[in-house]
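# A closer look at the structure
Residues per chain, in single letters:
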Amino acid sequence: MWDNSILKCIDCGQEYDVGHVRYRCDCGGLLDVVHDLPMLGKRRLRDTFDARWGSRETPDNSGVWRYRELIVDAPVECIVSKPEGNTNLYPSAQIETYAGVQRMMLKHEGENPTASFKDRGMTCGVTAAHMLGCKTVACASTGNTSASLAAYAAIAGMQCLVFIPEGKIAYGKLSQALAYGARTIQIEGDFDTAMELVQKVCNEFNVYLLNSINPFRIEGQKAILFEILQQLDWEVPDWIVLPGGNLGNNTAVSKGLRELHQLGIISRMPRMAVIQAEGANPLYRTWKDHTTFAPMHADTIATAIKIGNPVSWKKSLRGLEWTDGVVEQVSEQ
């Protein structure tokens, strides 16, 4: 069932079987899910995606799984879906005027089942956990990730553990996780401390980790990009602008763009902009000053991106190179 994909280290190029639990290469590098693009290029994927759009049938009614050939080509009976995606693109004349641009569209990922884009990655990650035979899943989170994981673990019949940092978390999201039956563990320290701890727990106690270090999470989040382009009738925008916290989302979008370009589904790459809070801006510092990446202590009211040591920073820089992208910071105001 995993015939058309492998895991590949972004640093040394070592390849691994996707049918075994693994988040990093033996060298410590992060892993990509690499699809057999030459084989997929022989199919009329764009026509396939368009034919599925608007379907009422599972899994084609999901805004993730209708693109499954480029995500995880899982058997229908293994897919864990709510369904997710199918979020709208909204024009905003006010923002266009404010920003001085002619056409700006807002992708409203709050229309997902648990009200965040994390559902796109989590349907893919929990499906992978199901296919791998995992019984317990876990994440570190300040809000959205915990709610999403708890929701998908519940419908998959899995136990769910959530590690939360003390203070400055989204309590509405925490209440969602609790309502779905997650066991929540508050620790001393910030998100980065929680992330370190959850990785140790997962490695020692055979628990499946579902933060964005998990390469299948990234695959699911690519569907944001696929859906945007499909909603634009595959017309490529000039820019795609994203907030940057743990940097999984812009990693996913850039990876999806590169795959579509290699397949000839799009003829050019848009530019990508990643926006960080001034108090949580390690990627901005690295990109602006052309320095070696250095973690920092994050401090911002934007709890969802209050991350000083983002796990996907190297993949994010790679995506910025692919898209001739930029990074900017903004004040709390």
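Up top is the structure these notes are about.
A few points on the structure.

About the cut-offs
- Residues numbered from 1 in each chain as written.
- Predicted model: local features only at pLDDT ≥ 70, side-chain atom pairs only at ≥ 80, totals over all residues.
- Heavy atoms only, no water.
- Helix = DSSP H or I, 4+ residues; strand = E, 2+ residues; numbered from the N terminus.
- Polar contact = N/O pair within 3.5 Å; in protein donor to acceptor, adjacent residues only side chain to side chain.
- Contact = heavy atoms within 4.5 Å.
- Phe/Tyr/Trp six-rings, centres within 6.5 Å; stacked < 30°, edge-to-face > 60°.
- Buried < 20%, exposed > 50% of the residue type's maximum accessible area, 1.4 Å probe, protein only.
- Pairing = 2+ DSSP bridges.
- Axes fitted to C-alpha atoms, helices over the stretch in contact; angles between N-to-C directions.
- Arc of directions from axis to C-beta.
- Core = buried A, V, L, I, M, F, W, Y, C linked by side-chain atoms within 4.5 Å.
- Parallel < 35°, antiparallel > 145°, perpendicular 65-115°, else oblique.
- Left-handed = near helix turned anticlockwise from the far one by under 90°.
- Nonpolar A, V, L, I, M, F, W, Y, C, P; charged D, E, K, R; others polar.
- Expected span 1.5 Å × (residues − 1).

### Thoughts on the side chain of S254
Within the fold, S254 resides in helix α9 (residues 248-263). Among the polar contacts listed, one links the side chain of S254 to the backbone oxygen of N250, at a separation of 3.0 Å. For S254, the residues in contact, after removing those within four places along its chain, are M272, G319, W322 and T323.

### As for the packing of aromatic side chains
Under the criterion given, the structure shown has five aromatic pairs. Aromatic pair Y23 and Y208: ring centres 5.8 Å apart, planes at 45 degrees, arrangement tilted. Taken together, the residues Y23 in the loop between β2 (15-16) and β3 (31-35) and Y208 in strand β9 (residues 208-209) connect sequence positions 185 residues apart. Across the pair, Y208 and Y23 agree in class, each one buried. Between F49 and Y67 the ring centres are 5.2 Å apart and the planes differ by 80 degrees, which places this aromatic pair in the edge-to-face class. Of this pair, F49 sits in helix α2 (residues 45-52) while Y67 sits in the loop between α2 and β4 (89-91), and the two are 18 residues apart along the sequence. A relative accessible area of 0% places F49 in the buried class. Three or more aromatic residues joined by ring pairs make a cluster, and in this case those are F49, Y67, F226 and W234.

### Observations regarding the sheet that holds β3
The antiparallel open sheet is built from three strands, whose spatial order is β2-β1-β3. The strands lining the two open edges of the sheet, one partner per strand, are β2 and β3. Both strand β1 (residues 5-9) and β2 contribute to a ladder of two bridges, which runs antiparallel. Residue pairing in the sheet places L7 in a bridge with Y16 of β2. Taken strand by strand, helix α8 (residues 215-231) contacts β1 and β3, and its axis lies near 55 degrees from that of β3.

### A look at the side chain of T145
Summarising the element assignment, T145 is placed in helix α5 (residues 144-156). Looking at T145, its side chain comes within polar contact range of the side chain of K118, at 2.7 Å. The residues contacting T145, other than those within four sequence positions of it, are K118, M122, C139, A140, L210, N211 and R217.

### Structural notes on helix α6 (residues 171-179)
Quick reminder: α-helices carry 3.6 residues per turn. Residues three or four places apart thus point the same way. Of the residues making up α6, those classed as buried are K173, L174 and A177. What you see down the axis of α6 is that its buried residues fit within an arc of 100 degrees, all on one side. With respect to the buried face of α6, the exposed residues turned more than 90 degrees away are Y171 and A179. Its buried side turned inward, α6 meets α5, β7 (159-165) and β8 (183-187). Positive phi shows up at G181, right after α6, with a value of about 95 degrees.

### Considerations on the nonpolar core
Counting residues in hydrophobic clusters, the biggest one holds 86 residues, and the most contacted among them are L70, V137, Y208 and L260. Setting aside residues no more than four positions away along its own chain, V137 makes contact with A129, L149, A153, M158, Q159, C160, L161, V207, Y208 and L210.

### A closer look at the environment of R52
Structurally, R52 can be placed in helix α2. Taking the C-alpha atoms as reference points, R52 and W65, separated by 13 residues in sequence, lie 9.6 Å from one another. If we skip the residues at most four places from it in the chain, R52 touches D60, W65, R66, Y67, R68 and E69. A distance of 2.6 Å separates a polar atom in the side chain of R52 from a polar atom in the side chain of E69.

### Describing the packing of α9 against helix α11 (residues 313-322)
Two elements in contact, α9 and α11, have axes whose closest approach is 8 Å; the angle formed by their N-to-C orientations is 45 degrees. Judged on the interaxial angle alone, α11 and α9 are oblique. With respect to the hand of their crossing, α9 and α11 are arranged in left-handed fashion. From α9, N250, T251, S254, K255 and R258 reach across to α11, where they touch K315, S316, G319 and W322. Here the contact of α9 with α11 is built from residues that sort into one nonpolar, five polar and three charged.

### A word on α9
Under the 1.5 Å per step criterion, the end-to-end length of α9 is 23 Å for 16 residues, consistent within 8% with the ideal 22 Å. Extensive coverage of α9 is indicated by the burial of 13 of its 16 residues.

As far as function goes, none of this settles anything; it's purely spatial.
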